[in-house]
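Listed below, chain by chain, are the residues.
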Amino acid sequence: MNSFTIAVAGKGGVGKTTFAALAIRHLHHITGEVILAVDADPNANLHAKLGTSPRRTIGDIREELLVEADQLPSGVTKQEHVDYQIRLALAEGDGFDLLTMGRQEGPGCYCYVNNILRTFVDSLSERYAYVVIDNEAGMEHLSRRTTRTSDVLFVVSDASKAAADSAVRIAALAKEMDLGIGRTALVRNMLPPDSDGQDAPAGFDAAYAVTASAAIRSGSMRSESLLDIPQHDPTYQDISKALDEERKLARQ
Ligand SMILES: Nc1ncnc2c1ncn2[C@@H]1O[C@H](COP(=O)(O)OP(=O)(O)O)[C@@H](O)[C@H]1O
Ligand SMILES: [Mg+2]
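Residues numbered from 1 in each chain as written. Chains lettered and ligands numbered in written order. Predicted model: local features only at pLDDT ≥ 70, side-chain atom pairs only at ≥ 80, totals over all residues. Heavy atoms only, no water.

Asks: Would you mind going over the pattern of salt bridges in detail, with residue names and values included?
Replies: Applying the stated criterion across every chain yields a total of 8 salt bridges. Among the salt bridges present, the one from lysine 49 reaches glutamate 224, with a minimum N-O distance of 3.5 Å. Here lysine 49 is found in helix H2 (residues 46-49), whereas its partner glutamate 224 is found in the loop between helix H7 (214-218) and helix H8 (234-251), with 175 residues between them in sequence. By relative accessible area, glutamate 224 is classed as partly exposed at 46%. (Salt bridge = Lys/Arg side-chain N within 4 Å of Asp/Glu carboxyl O. Helix = DSSP H or I, 4+ residues; strand = E, 2+ residues; numbered from the N terminus. Buried < 20%, exposed > 50% of the residue type's maximum accessible area, 1.4 Å probe, protein only.)

Asks: Before we move on, could you go through the sheet that holds strand S3 (residues 91-92) and cite the residues and values that matter?
Replies: An order of S3-S4-S2-S5-S1-S6-S7-S8 is seen for the 8 strands of this open sheet, with the pairing classed as mixed. Two strands bound the open sheet, and with one partner strand each, they are S3 and strand S8 (206-211). Across 5 bridges, the pairing between strand S1 (residues 4-10) and strand S5 (residues 130-135) is parallel. Among the inter-strand pairings, phenylalanine 4 is bridged to a residue of S5, identified as tyrosine 130. Across the sheet, helix H1 (residues 16-31) lies against S1, strand S2 (35-40), strand S4 (96-100), S5, strand S6 (152-157) and strand S7 (183-191), angled at about 170° from S5, the strand it touches most. Here helix H6 (residues 161-176) sits on the sheet in contact with S1, S6 and S7, set at roughly 160° to S6. (Pairing = 2+ DSSP bridges. Contact = heavy atoms within 4.5 Å. Axes fitted to C-alpha atoms, helices over the stretch in contact; angles between N-to-C directions.)

Purely geometric numbers; function is a separate question.
Okay, structure coming up:
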């Protein structure tokens, strides 16, 4: 399947996971498709914002494979074993399947295991029409496989200069590394209501303004889940608009 893949990056605390969770909710809402949600932050918390509990992670599977490589049940190939383990690790939620990458590799030799895992995560992605990847803060992860070949890289920033500088660096790095990203969009998050739209700065193909939500900020919902916030929530509406715009451009 030709999946529409978006990746979300930016400095810590700017709203990446919030953006990812609401993007997943919106994409499911308007398309009816089950969205593949990938939590690529080792400090995983996308599950909480999607109202589901954490599962085994790809990191856990990687560690187990290293230890158990020679003790597979007879008649099962390593590939089949990994495929089965990844299916078990997929948390099925309301309109999404969530895969949590978990911690990164330790000092052992992981090349073989990593290659198998990558192949499976890639082939898994192909079974979904929409894939949303929530990344860890910073830029190191951009070199890892998960952010490659995204149709849109959304780089989230808040009003601080540090976050804005970080967004510009991430966009520049993504271009430099030739990660196969289609478009790079700046997301100015947590803006006061009725903020003026601004043009995309150099290095970005688009810029979107996302108004702060009192409900999200105060955590006044029943749980951390963002699946319960009202349809008219300003943050949800603005994120939905950004996705609609990018989907329209991708289809052209
Ligand atoms: N648009 C918004 N309005 C109000 N609060 C927000 C908004 N976006 C994010 N937040 C809050 O900011 C904090 C950090 O958000 P989070 O999505 O976890 O950031 P990141 O994933 O980039 O570290 C959370 O408490 C979240 O509820
Ligand atoms: Mg996060």
